[in-house]
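Chain residues, written in single-letter form:
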Amino acid sequence: MKEYLPEGRLLNTPENRAMLTSPAGLHRAMAEGRVLEGMAVLCDADHNLRVDCGGLTGIIPRVEAARGIADGSTREIAILSRVGKPVSFVVDSLEGWDGHWVPILSRRMAQEQALELLLQRRPGDIIPATVTHLEPFGAFVDIGCGIPSMISVERISISRIPHPMHRFTVGQHIYTLVTGVDPELGRLTLSHRELLGTWAENAAGFPLGATVPGVVRSIKEYGIFVELTPNLSGLAEPQHGIEEGDRVSVYLKSISPERMKIKLIVIDKLPPLPMPAPLRYYASSGRLTQWRYASEAGGRGAVFSA
């Protein structure tokens, strides 16, 4: 299936740059209905976007700047917030003004093309996304040409986090799992945790007796839950001076695959990292039809079935 990538992925590709460098390339893109990308450099007082088209300056009229602008279902901030960022578009026309070619562009049409294809996706499909905004309840992502969707905070990883900023950064390229498609509303629902591996897959990377870094996610009277990976945590004995969110080194005291339990000993507090640790994906393409976090012996746990 053809992909319409999140904005920014095409900007510096040789094919995109070649299409933007001349009126001939733009004419070809217009004839083919090709989606291109340029950098939005200005939004005028009427909310029309000016786009750098590699020597030419294109215009995206206000009503063509995003789906829903014409009927008011999309707010004007969707236009203003694009300045200084890549935008997807198709070439609607090439007009001659004062002896210069001016490309008239449509981001809305690019989004309509992208959405038409996205709505053909099935639950279980894995698609790329780019993180655009973080709120306590979830991460907003671009799933193609600026089409927005959201991953709720509880679907980001098995290990619970207080805010998506503990897992993602704005602008980060990630993969997502389609869990539902609503053609009437024109929406996809997404998840992320299923792509980060099962308990067994994550535990396989931690040999007994090793000392590794982790993050304290929860403190109970009976112990401290330490995240070893986004989909794997262990339990350490209570210890004074440790707080939720602390980065610590821990010793792997015991691993019980049949019970899905890892016992830890906190060794030391570590300096915090400036940003979330890189994610390891166990699946990043194709389609996931079945996924079970726990083994049959370990209980139901988190389950996905397409």
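Throughout, a residue's number is its position along its own chain's written sequence, starting from 1. Local features in this predicted model are restricted to residues whose pLDDT is 70 or higher, and side-chain atom pairs enter the listing and the counts only when it is 80 or higher, whereas totals over whole chains, interfaces and linings include all residues. Values reported for side chains reflect all heavy atoms of the structure, with hydrogen atoms and water molecules removed beforehand.

Peer 1: Quick rundown of the nonpolar core? Include the residues and the values.
Peer 2: By size, the foremost hydrophobic cluster in this structure holds 58 residues, and its most contacted members are Ile143, Ile174 and Leu228. Contacts between residues were defined by any pair of non-hydrogen atoms, one from each residue, lying within 4.5 Å. Apart from the residues lying within four places of it in its own chain, the contact partners of Ile174 are Arg9, Ile127, Pro128, Ala129, Val131, Val141, Ile151, Phe168, His192, Leu279 and Tyr281. In this description, a nonpolar core means a group of buried Ala, Val, Leu, Ile, Met, Phe, Trp, Tyr and Cys residues linked to one another through side-chain atoms lying within 4.5 Å. Between buried and exposed lies partly exposed: a residue is buried under 20% and exposed over 50% of the maximum accessible area for its type, with that area taken using a 1.4 Å probe on protein chains only. Core analysis: the next-biggest nonpolar cluster, separate from the first, contains 20 residues, Met19, Leu20, Ala66 and Leu94 among them.

Peer 1: Pulling in residues and values, what's your account of unusual backbone geometry?
Peer 2: Within the chain, Cys145 stands out as a residue other than glycine whose phi angle is a positive 55°. Tracing the sequence through the fold places Cys145 in the loop between strand 7 (138-142) and strand 8 (148-152). Despite not being glycine, Met260 shows a phi value in the positive range, around 55°. Secondary structure follows DSSP: runs of H or I at least 4 residues long count as helices, runs of E at least 2 residues long count as strands, and numbering of each begins at the N terminus. Position of Met260 among the secondary structure elements: in the loop between strand 14 (247-256) and strand 15 (261-270). On the basis of relative accessibility, which here comes to 17%, the residue Met260 falls in the buried class.

Peer 1: Residues and numbers for the pairing of strand 8, please.
Peer 2: Pairing between strands requires that DSSP locate at least two bridges from one strand to the other. Across five bridges, the pairing between strand 7 and strand 8 is antiparallel. Within strand 8, the position partnered with Ala139 by the bridge is Ile151. Following strand 7, the chain reverses through five residues before pairing antiparallel with strand 8; Gly144 in that reversal takes a positive phi of roughly 155°.

Peer 1: An account of helix 2 (residues 23-32) is needed here, citing residue identities and associated values.
Peer 2: For helix 2, every residue scored as buried is listed here: Gly25, Leu26 and Ala29. End-on view of helix 2: buried residues confined to an arc of 95°, all on one side of the axis. Of the exposed residues in helix 2, the ones pointing more than 90 degrees away from its buried face are Ala24 and Ala31. In this structure, the buried side of helix 2 is in contact with helix 1 (14-20), strand 1 (36-43), strand 4 (86-97) and strand 5 (100-106). In this description, the arc belongs to the directions extending from the helix axis to the C-beta atoms.

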